[in-house]
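Report on the structure
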Amino acid sequence: MQLNRRNLMRSSVAAAVGAGVAGTAAAQKDRGEREINPDDTLTEEAPTVVGDLKRFSTTAFGAEMTGPYVTQDGTLFHSVQHPSRDNPAPWDKGGIGYYRNFQFKFDGDNDDFKQPSSPSGEEQDRVRAADVEFEVLIQEGDEIDGGTERWGITQTPDGQDVTTDNFAGTTYGASGYNPDSNQFVATNDDGTEGYMFTNDENSPGNIMRTPLRKVGDGEWEADADEAINTVNTPQFRELGGTRINCYGDLTPWGTPVSAEENYAHPRASLTDTVGDMAEAGTGEGSVGAVHFWNRPNPVDIQDAVNEGYDELDGWYVQGYWNLDGVEHLAYYLGADPVEAGDDNPIEPITGTYPNVYRYGYNVEIQDPAAPAEEITPVKHYAMGRVSWEAPEFMPDERTVYGCADGDSKGIYKFVADEPIPSYDDPMDVAGTLYAPKITNDAAASGKFPAEVPLEVEWLELGHASNAEIESWIAEYDGVDQADYLATHTDWERGDEVTEEVLRQADLEVIENGNGDFIPREDILEWARQWEENGPPRSAPPSSSTRPRASTPSTTPNRATTSTSASRSSTMTSPDPRTTAATSPWNGSTAASSTVRNSRRATTSRHWSRSSSGRTSPRNRRWPTLTTRSGT
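First, a word on what this report is: a plain description of the structure on this page. Owing to the predicted nature of the structure, the values given are computational and were not obtained by experimental measurement.

Each helix and strand counted, the chain has 10 helices and 22 strands in total. Out of the 631 residues in the chain, the part that is buried amounts to 57%. Of the contacts formed within the chain by residues at least 6 apart in sequence, a portion of 66% connects residues at least 24 apart. Accessible surface, the chain as shown: approximately 25,100 Å² in total, 44% of it carbon and sulfur.

This is the structure:
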């Protein structure tokens, strides 16, 4: 089977471990068992392969082989993600490396290399190939940046490592332990020197920049002293940092892109919708993780729902597990630490807390070879907010395809108004987001995707610029964990936090939604207008009509073609509270006015108790919206 660059990205992991290829690989599922069952030839839940694959290498026990990248000279790099800590060094840490003295050929075939034998015994504890060695270049915790940082380790604004050794609270994974995508930016014509940008799939997330150079025939070295964690710069912190940095891409204009795989964004679990909750008059059995983002000890909500509250029957709160690490993200941003976790799980983090709407985007690093203080990170809000896995920036420099990972997710296409690198200010990047509608019945036949051609109709969802969406997102920057209690109970800041107070807040949020964030009524009204009138099509804003950051507006939420709107993905919606004269749909706003007045009547008692210093929604002056709203 011939492999090109794209095929390599799709199949190298499966090929490396022989996943799904009968008769060529065997999986060790129990570390205590050093023997391999020769009859067990299929890796559980491995991708299905159409055609033939030949195994090139095997990875260390417990590890994923992620982020394969082939440089201009044919060197194959990849990450070793979350290996077993019981492996011998260096195979017990996350890191990146390459196959020494091996040249990958984009026009080559399987005859270019020898297949290694199935690993046995201690061979399973390391990365191995048949004829070449895998050499680790840099790993989690290695000293970098002149000794001021450690590779993969995020820091607080004052330089303290955000690790479980220094901070209590839940953590998604050890910093630097989950290196994923690699994108190499060459700094010379031969492509033998440059920077490797590596994602760390954690919360807080990270994008490590490691200088690499070729030092001999088939040999490379990393300059740890000049490596940096890009997110430890003020520029990244101003964006709120990143979280769950999964895969990515290298743009046609040579900049690395990191995709935030923020699974914690669902408003409704699995196939339930906001419309289902509105019809039922409660969110019980349906609400998803985003409602509990600012809950003290947020990840504990699943146990509370299933076992802690007799009033509830229990259900799967989709994305709850991805609330791990939100506390550490707050400390990365500068929050004062509180005792959290098992010792004191309900003491709220106050003052500084991550904004729920700032995560789940494609993050581009402009000027990737610039000094640390000069690199420019950009979150492309207009491309949509979901749990991104693998963006694909097309050669036209306008089109970006993306897929959201997880259950009840989708595939999207973004088309910029102009070539993305042509914008002087990246916040002015504007375009339209689309979702696919599959129109052929064969797609539902149950056959493997590679066997069934898809007929696609692209549905326009909306249009906006990065700056427009960011101005709406900024209105939620002041929300913290104390708001969760103050908004939904009689609790006030300074009061004792008890389990009963938390229970009352949880039950109120489950019943009516989190009052600190966009309410379900607004989403349903937006969906109604979208369904009746289609996506908004008014002219882009002038400088005098663009919403100001100091003026509140609606935040990102997803729409569908049904009023049972908003499953797991989210998108930016226009403010349904605009007047008929300024409505981008030029439709009736009578229902919108009713929703607005109803919401204020039912939620003002909670909002009036909030003492965070934020403007109460009932006192806000909602802006007129003369723009086409985007996703």
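Let's pick the thread back up.
Time to look at the environment of K105. Its location among the elements puts K105 in the loop between strand 4 (95-100) and strand 5 (128-129). Here K105 falls in the partly exposed class, since its relative accessible area comes to 43%.

Our focus in this paragraph is the pairing of strand 12 (residues 219-222). Here strand 11 (residues 206-216) pairs with strand 12 via four bridges, running antiparallel. In the strand pairing of strand 12, K214 is matched with W220. Taking the residues between adjacent antiparallel strands as the criterion, strand 11 and strand 12 are bridged by two residues, where G218 takes a positive phi near 80 degrees.

A few words now on the pattern of salt bridges. According to the stated counting rule, one finds 16 salt bridges in the structure shown. Between D161 and R150 there is a salt bridge, with its nearest N and O atoms 3.0 Å apart. Note that D161 is positioned in the loop between strand 8 (149-150) and strand 9 (179-186) and R150 in strand 8, a separation of 11 residues in sequence. A salt bridge links R503 to E500; the nearest nitrogen and oxygen atoms lie 2.7 Å apart. Of this pair, R503 and E500 both sit in helix 8 (residues 499-512), three residues apart, roughly one helical turn.

This brings us to the packing of aromatic side chains. The geometry of two aromatic rings is summed up by the distance between their centres and the angle between their planes. One pass over the full model with this rule turns up 21 aromatic pairs. Judged by centre distance (5.2 Å) and plane angle (90 degrees), the rings of F56 and F113 are edge-to-face. Of this pair, F56 sits in the loop between helix 1 (5-17) and strand 1 (57-58) while F113 sits in the loop between strand 4 and strand 5, placing them 57 residues apart in sequence. By the burial criterion, F56 is buried, and F113 matches it. Considering the side-chain rings of Y263 and W321, the 4.8 Å spacing of their centres and the 45 degrees angle between planes classify their relative orientation as tilted.

It is worth spelling out the sheet that holds strand 18 (residues 392-393) at this point. With antiparallel pairing, the five strands of this open sheet are ordered in space as 18-19-20-21-22. In this open sheet, the two edge strands, each paired with only one partner strand, are strand 18 and strand 22 (456-465). Two strands pair when backbone bridges link them, and strand 20 (residues 411-416) and strand 21 (residues 430-438) are joined in this way by four bridges, in the antiparallel orientation. Looking at the pairing, F414 lines up with L433 of strand 21.

As for its position among the elements, D189 is in the loop between strand 9 and strand 10 (193-200). By relative accessible area, D189 is classed as exposed at 74%. Sequence separation between D189 and Q72 is 117 residues; the distance between their C-alpha atoms is 9.6 Å.

Rules of the game
- Residues numbered from 1 in each chain as written.
- Predicted model: local features only at pLDDT ≥ 70, side-chain atom pairs only at ≥ 80, totals over all residues.
- Heavy atoms only, no water.
- Helix = DSSP H or I, 4+ residues; strand = E, 2+ residues; numbered from the N terminus.
- Buried < 20%, exposed > 50% of the residue type's maximum accessible area, 1.4 Å probe, protein only.
- Contact = heavy atoms within 4.5 Å.
- Areas by Shrake-Rupley, 256 points an atom, 1.4 Å probe, with all protein chains shown as cover.
- Pairing = 2+ DSSP bridges.
- Salt bridge = Lys/Arg side-chain N within 4 Å of Asp/Glu carboxyl O.
- Phe/Tyr/Trp six-rings, centres within 6.5 Å; stacked < 30°, edge-to-face > 60°.

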